[in-house]
Amino acid sequence: VQLQASGGGLVQAGDSLRLSCAASGLIFSNYIMGWFRQAPGKEREFVAVITWGGSTRYADSVKGRFAISRDNAEGTVDLQLNSLKPEDTAVYYCAAGIRRTVAVLAASYDYWGRGTLVTVSS
């Protein structure tokens, strides 16, 4: 199983960015897809998750600014980041969990990508 995340970069506060994660080696329909992030010196935290059927959940800190979507035919999951803030600076990881319902705990996910760095300057 491989999860390849891309799309990170350096942006200014208020800008937008789109992250993408391509999954291979798994039956995509069996998995929820989530995004987590880890800022320097902090623990990894949940950002967003989407089920096969399109149900979503977001962390309170990103609700209304970020949007998760998935293309079941392509085996990809995207995270649209809008109105970025310096506190959004982190390495963003995509993850796959073999379950049908949303999950916010990292322990609920079976596979992880390597991460992509998002840096937001003030």
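Computed from a predicted structure; not experimentally measured.

Section: the overall build of the protein
For the protein, the count of helices and strands is zero helices and 11 strands. Element order for the protein, N to C, with α for helix and β for strand: β-β-β-β-β-β-β-β-β-β-β. Against the compact-globule benchmark of 14 Å for 122 residues, the protein has a radius of gyration of 13 Å, which places it among compact chains. C-alpha extents for the protein along the principal axes are approximately 40 × 25 × 25 Å. A burial count over the protein gives 43% of its 122 residues as buried.

A word on the nonpolar core
By size, the foremost hydrophobic cluster in this structure holds 39 residues, and its most contacted members are Trp 35, Leu 79, Leu 81 and Tyr 92. Listed by contribution, the elements that provide at least two residues to this core are strand S1 (2-6), strand S3 (17-24), strand S4 (32-38), strand S5 (45-50), strand S7 (66-71), strand S8 (76-81), strand S9 (90-97) and strand S11 (116-121). Beyond its immediate sequence surroundings of up to four residues, Leu 81 is in contact with Asp 15, Ser 16, Leu 17, Leu 19, Arg 65, Phe 66, Tyr 92 and Val 118.

Describing the sheet that holds S7
Ordered in space as S1-S3-S8-S7, the four strands form an open sheet in which the pairing is antiparallel. Every interior strand has two partners, whereas the edge strands, S1 and S7, have only one. Across this sheet, the average inter-strand angle for adjacent strands is 15°, counted without regard to direction. Pairing of S7 with S8, which is carried by six bridges, proceeds in the antiparallel orientation. Across the sheet, residue Asp 71 finds its bridge partner in S8, namely Thr 76.

Some details on the state of the cysteines
Counting across every chain of the model gives one disulfide. In this model Cys 21 forms its disulfide with Cys 94; the gap between the sulfur atoms is 2.0 Å. The chirality of the disulfide connecting Cys 21 with Cys 94 is right-handed, given an S-S dihedral of about 50°. Of the two residues, Cys 21 sits in strand S3 while Cys 94 sits in strand S9, which places them 73 residues apart along the sequence.

A few points about the pairing of S11
Burial along S11 is one-sided: the face carrying Thr 116, Val 118 and Val 120 is buried and the face carrying Leu 117, Thr 119 and Ser 121 is not. Two strands pair when backbone bridges link them, and strand S2 (residues 9-12) and S11 are joined in this way by four bridges, in the parallel orientation. Paired with Leu 10 across the bridge in S11 is Thr 119. Both S9 and S11 contribute to a ladder of three bridges, which runs antiparallel. In the strand pairing of S11, Val 91 is matched with Leu 117.

Conventions and cut-offs
- The residue count restarts for each chain, going from 1 along the sequence in the order it is written.
- In keeping with the model being predicted, local features are shown solely for residues with a pLDDT of at least 70 and side-chain atom pairs are shown and tallied solely at 80 or more, while totals for entire chains, interfaces and linings include all residues.
- The basis for every side-chain value is the complete set of heavy atoms in the structure, and neither hydrogens nor water enter the calculation.
- In this description a helix means any DSSP run of H or I spanning at least four residues, a strand means any run of E spanning at least two, and both kinds are numbered starting from the N terminus.
- Computation of the radius of gyration draws on C-alpha atoms, with the globule rule given as 2.2 Å multiplied by the number of residues to the power 0.38.
- When a residue's accessible area, from a 1.4 Å probe over protein chains only, is under 20% of the maximum for its type it is buried; when over 50% it is exposed; and in between it is partly exposed.
- To form a nonpolar core, buried Ala, Val, Leu, Ile, Met, Phe, Trp, Tyr and Cys residues must be joined to one another through side-chain atoms within 4.5 Å.
- When checking whether two residues touch, look at their non-hydrogen atoms; a contact exists if any pair is within 4.5 Å.
- Strands are treated as partners if at least two bridges between them are detected by DSSP.
- Every angle, taken between N-to-C directions, lies between 0 and 180 degrees, and every axis is a line fitted to C-alpha atoms, over only the stretch in contact when it is a helix.
- We call a pair of cysteine sulfur atoms a disulfide whenever their separation is within 2.5 Å.

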